[in-house]
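Notes for the structure review
The primary structure of each chain is shown beneath.
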Amino acid sequence: MTERFAQASGQGCRNAPVLKQRGQHEVFCGLTSIVWLHRKMPDAFFLVVGSRTCAHLLQSAAGVMIFAEPRFATAILEETDLAGLADAHEELDRVVHELLARRPDIRRLFLVGSCPSEVIKLDLAVAAERLTAVHAPQVRVQSYSGSGIETTFTQGEDTCLAAMVPDLPAGPEWPEARELIVAGALPDVVEDQMRDLLAKIGIETVHVLPAAREATRFGVGPGSRVALVQPFLGDTLAALERRGARHVAAPMPFGAEGTTAWFHAIAEAFGIPPEVVDRAVAAPKARAERAVAQAAEALRGRSVFFFPDSQLEVPLARFLTRECGMEAVEVGTPFLHRQVLDGDLALLDEGPTLSEGQDVDLQLDRVRAARPDLTVCGLGLANPLEAEGLSTKWSIELVFTPVHFYEQAGDLAGLFSRPLRRRDALKVGAAQPPAMP
Ligand code: SF4
């Protein structure tokens, strides 16, 4: 375990000290992101090259989805594959061939690396090239890592999207063609709301990465501007920047304030006056503010403690403290990507401990000492902490539930207020005498 504090200075939490810890951690690996990515790309299939552990992880993370013929599977490495890499490549080719023969609707195939495939140094990039040569043009084969050694939870989306970028065609030049790339997988209904508002602001060409279908791939180049809707896309952003695209820095579009700032930043990058944005967003923004105010009644004045999980923690803490009146005790994140989070860090008032990485026992000591009103943590910690009398919110729900932009702002606050309301209701219930027969 290592521990050190960076130097403090400046506004908000932009330059606040960060508690960096390494030790035992309780997080998902990047394979989990397949569960939401495969729904966003209906012509793609995710083939994990891993062990039975990886297959079991996907089964438990996907829950009932595994009964709906999902477009992901695990090619399980057997002992013979471990003995000879040549056999492993042959075996993989055979599995892919059979899969593509059985599922002719597949247009994109992702070979997803795992801890076992990485430990035996099975080169999936080479396998992807070889398989693309065989199965092109019907199927494009790509590879990325979702292993627990390399990735934490939502980072699996980052490695997946980053792997797609080098393959995108050359894009437009600035300023003749000006195009916006929005990076991050959003539920369809939320993506439509976002596109609608961007069109009202006057931004006509909007591409979303991941594109829903292989046929709608788009170009990237110096005419591309990139806005992120998820804070965990550092590698994807870097890959797009290497292709000439420019980053539009903005707070993440959570809550009325974050969403408004996000649209303003994009409008500014496109030379559109702020009044145009204010006019376009006035009605949904007012709706969002009303919905948040209502849901935040149970949150005002309460304290919140974030365990590291999805990298959404900093923008969510910003939303909860500024729009819902909560006090943040600790904001833990698996990685603190300062370039991506600059806008959110600047808005987050100084005060909470910012922590990066995890030594779970030490963090549990801190949460027990602080006794926050609400603890945001993973499934493995939630029930034990509830048994100790702490109210918890499962962080995984924040990744699966539509929470971005105006129309979801009230629901986002509701996700945090529900556990507190439930606890209050149970207390009231417990105080009542049992009903007489
Ligand atoms: S990739 Fe690694 S951490 Fe993830 S399930 Fe497989 S073995 Fe476990």
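Residues numbered from 1 in each chain as written. Predicted model: local features only at pLDDT ≥ 70, side-chain atom pairs only at ≥ 80, totals over all residues. Heavy atoms only, no water.

Let's shift gears to the domain arrangement of the chain. Domain annotation for the chain reports domain 1 (18-24 + 282-426), domain 2 (30-151) and domain 3 (179-281). Using only C-alpha atoms to locate each centre, domain 1 and domain 3 end up separated by 25 Å. The partner domain 3 presents 32 residues to the 31 residues of domain 1 that form the contact. Between domain 1 and domain 3, roughly 2600 Å² of surface is buried when both sides are summed, and carbon and sulfur atoms account for 65% of that area. (Domains from an automatic or database assignment. Contact = heavy atoms within 4.5 Å. Buried area = accessible area lost by both parts, 1.4 Å probe.)

Further remarks concern the site of the ligand. As a matter of local geometry, the ligand sits amid C29, L31, T53, C54, L57, S114, C115, P116, S147 and G148. Broken down by secondary-structure element, the contributors of at least two residues to the shell around the ligand are α2 (52-62) and α5 (115-119). The element contributing the most residues to the shell around the ligand is α2, with three residues. Of the residues in the shell around the ligand, the class split is six nonpolar, four polar and no charged. (Near = heavy atom within 4 Å. Helix = DSSP H or I, 4+ residues; strand = E, 2+ residues; numbered from the N terminus. Nonpolar A, V, L, I, M, F, W, Y, C, P; charged D, E, K, R; others polar.)

Tracing the chain through its elements places E350 in the loop between α13 (338-347) and β13 (353-358). For E350, a relative accessible area of 55% corresponds to the exposed category. On a C-alpha basis, the gap between E350 and S303 in space is 15 Å, while along the polypeptide they are 47 residues apart. (Buried < 20%, exposed > 50% of the residue type's maximum accessible area, 1.4 Å probe, protein only.)

Attention shifts here to the sheet that holds strand β7 (residues 179-183). Here we have four strands laid out as an open sheet, ordered β8-β7-β9-β10, and parallel in their pairing. Strand pairing shows two members of the sheet lacking a second neighbour, β8 (206-209) and β10 (246-247), which therefore form its edges. Bridging between β7 and strand β9 (residues 224-228) involves five bridges; their strand directions are parallel. Across the sheet, the residue bridging to I181 is V226, located in β9. Each of β7 and β8 is contacted by helix α8 (residues 188-201), which is oriented at about 155° to β8, the strand it contacts most. (Pairing = 2+ DSSP bridges. Axes fitted to C-alpha atoms, helices over the stretch in contact; angles between N-to-C directions.)

Let us look at the packing of aromatic side chains. This structure, assessed with the given rule, holds 10 aromatic pairs. On the numbers, 6.3 Å between centres and 20° between planes, the contact of F263 with Y406 is stacked. Placement of F263 in helix α10 (residues 255-269) and of Y406 in the loop between α16 (396-400) and α17 (409-431) is noted, with a sequence separation of 143 residues between them. Given the relative accessible area of 3%, Y406 is considered buried. Among the aromatic residues, those joined into a ring-pair cluster are F28, W36, F153 and F400. (Phe/Tyr/Trp six-rings, centres within 6.5 Å; stacked < 30°, edge-to-face > 60°.)

Turning our attention to the pattern of salt bridges. This structure, assessed with the given rule, holds 22 salt bridges. For E397, the salt bridge is made with K393, and the minimal N-O distance between the two is 2.6 Å. The class of E397 is partly exposed, set by a relative accessible area of 27%. The class of K393 is buried, set by a relative accessible area of 6%. Here the salt bridges share partners, and the residues they tie into one network are K40, D188, E191 and R195. (Salt bridge = Lys/Arg side-chain N within 4 Å of Asp/Glu carboxyl O.)

All right, on to unusual backbone geometry then. Here the residue pair A136 and P137 is connected by a cis peptide bond, since its omega of 0° sits within 30 degrees of zero. One can find P137 in the loop between α6 (124-135) and β6 (140-145). Of the consecutive residues L209 and P210, the connecting peptide bond is found in the cis state with omega at 10°. Phi is positive for F153, which is not a glycine, with a value near 45°. For F153, the location among the structural elements is in the loop between β6 and α7 (155-164). Positive phi values are uncommon outside glycine, yet F405 reaches one of about 65°. Tracing the chain through its elements places F405 in the loop between α16 and α17.

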